[in-house]
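Per-entry structural report
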Amino acid sequence: MTEGKPFSQACANNKQVILEKLAAVFSAPGTVLEIGTGTGQHAIHFASFLPHITWQPSDHPSNYQLCEPWLAEARLPNINKPLALDVSISDWQLPPVTGAFSANTAHIMSWPEVKAMFKGVAANLHQGEAFCLYGPFNYSGKFTSGSNQQFDASLRQRNPAMGIRDMADLKKLSSDNGLILESDFEMPANNRLLVWRKR
Ligand SMILES: C[S@@+](CC[C@H](N)C(=O)[O-])C[C@H]1O[C@@H](n2cnc3c(N)ncnc32)[C@H](O)[C@@H]1O
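Residues numbered from 1 in each chain as written. Predicted model: local features only at pLDDT ≥ 70, side-chain atom pairs only at ≥ 80, totals over all residues. Heavy atoms only, no water.

This part covers the side chain of H42. The residue H42 is located in helix 2 (residues 41–49) in this model. Residue H42 is classed as buried on the basis of its relative accessible area, which comes to 3%. (Helix = DSSP H or I, 4+ residues; strand = E, 2+ residues; numbered from the N terminus. Buried < 20%, exposed > 50% of the residue type's maximum accessible area, 1.4 Å probe, protein only.)

Encoded structure:
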């Protein structure tokens, strides 16, 4: 059923393990903003299995329509139309949200964009609401695997502004924006699921 639609093998592989974490974090009814939705495979999987959540996909204006084929096929009542959202703009002008999620974006965005993402998320969440960030991260300047080190090198070759981010930098950034790291889950394939909560 993937014919004609953009397809990410990584999303197919990781969607269930991510869902298991999100189900616990986003257990109450609400609206979750997804930043950098990409193909939309995550959006439809999470919305299917979290029917109490309204899923709000978004992506950079150059890419936000990429998810439309998956969304159109799934026809789920709890997924909103994707928003064109570049995290770099100063006022996101979002409808109210009660949580946020983003996968595999922090190493694709430049560091100023990552900063803008945390600032924008924090500005749109209320006290106690969560931001879940999935992807590969470094600890104390060290890669958690050789494959992540190779991945980082390939990213930086593609664009020197890209690269795997260090947890120390993210913790400083989040703290500056009133977001506290609540959980750091180890995930398959040397990835992590970080849960930040608005102070
Ligand atoms: C590697 S893809 C990840 C897509 C999807 N979340 C996944 O896990 O497969 C990175 C995503 O970040 C988005 N992105 C990059 N820069 C962005 C920005 N400044 N604002 C919003 N999204 C951005 C890209 O358009 C792309 O969809």
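Next, the rest of the story.
Another point: the site of the ligand. Near the ligand, the surroundings consist of 17 residues, among which G36, D59, D86, A103 and E113 are the closest. One nitrogen or oxygen atom from the side chain of D86 is found 2.9 Å from a nitrogen atom belonging to the ligand. At 2.9 Å from a nitrogen atom of the ligand is found a main-chain nitrogen or oxygen belonging to A103. Residues that form the shell around the ligand fall into these classes: six nonpolar, eight polar and three charged. (Near = heavy atom within 4 Å. Polar contact = N/O pair within 3.5 Å; in protein donor to acceptor, adjacent residues only side chain to side chain. Nonpolar A, V, L, I, M, F, W, Y, C, P; charged D, E, K, R; others polar.)

The next thing to look at is the side chain of T37. You can see T37 is positioned in the loop between strand 1 (30–35) and helix 2. Given a relative accessible area of 6%, T37 falls into the buried group. Leaving out residues up to four positions away in the same chain, T37 has contacts with A43, P57, S58, D59 and C67. (Contact = heavy atoms within 4.5 Å.)

It is worth spelling out the pairing of strand 4 (residues 99–103) at this point. A regular strand places its side chains on the two faces of the sheet in alternate fashion. The buried fraction of strand 4 amounts to five of the five residues, a majority that puts the element mostly inside the structure. With burial as the criterion, each face of strand 4 is covered, one bearing G99, F101 and A103 and the other bearing A100 and S102. Relative to strand 4, strand 1 runs parallel, the two being bridged by four bridges. What sits directly across from E34, in strand 4, is F101. The pairing of strand 4 with strand 5 (residues 130–135) spans five bridges and is classified as parallel. Across the sheet, residue A103 finds its bridge partner in strand 5, namely Y134. Handedness of the crossover joining strand 4 and strand 5 through helix 4 (residues 111–124): right-handed. (Pairing = 2+ DSSP bridges. Right-handed = clockwise from strand over helix to strand, strands pointing away.)

Turning to the pairing of strand 5, a few remarks are in order. Among the six residues that make up strand 5, six are buried, leaving the element largely enclosed by the rest of the structure. Both faces of strand 5 are covered, namely the face carrying A130, C132 and Y134 and the face carrying F131, L133 and G135. Pairing of strand 5 with strand 7 (residues 191–198) involves six bridges; the strand directions are antiparallel. Bridge assignment links C132 to a residue of strand 7, and that residue is V195.

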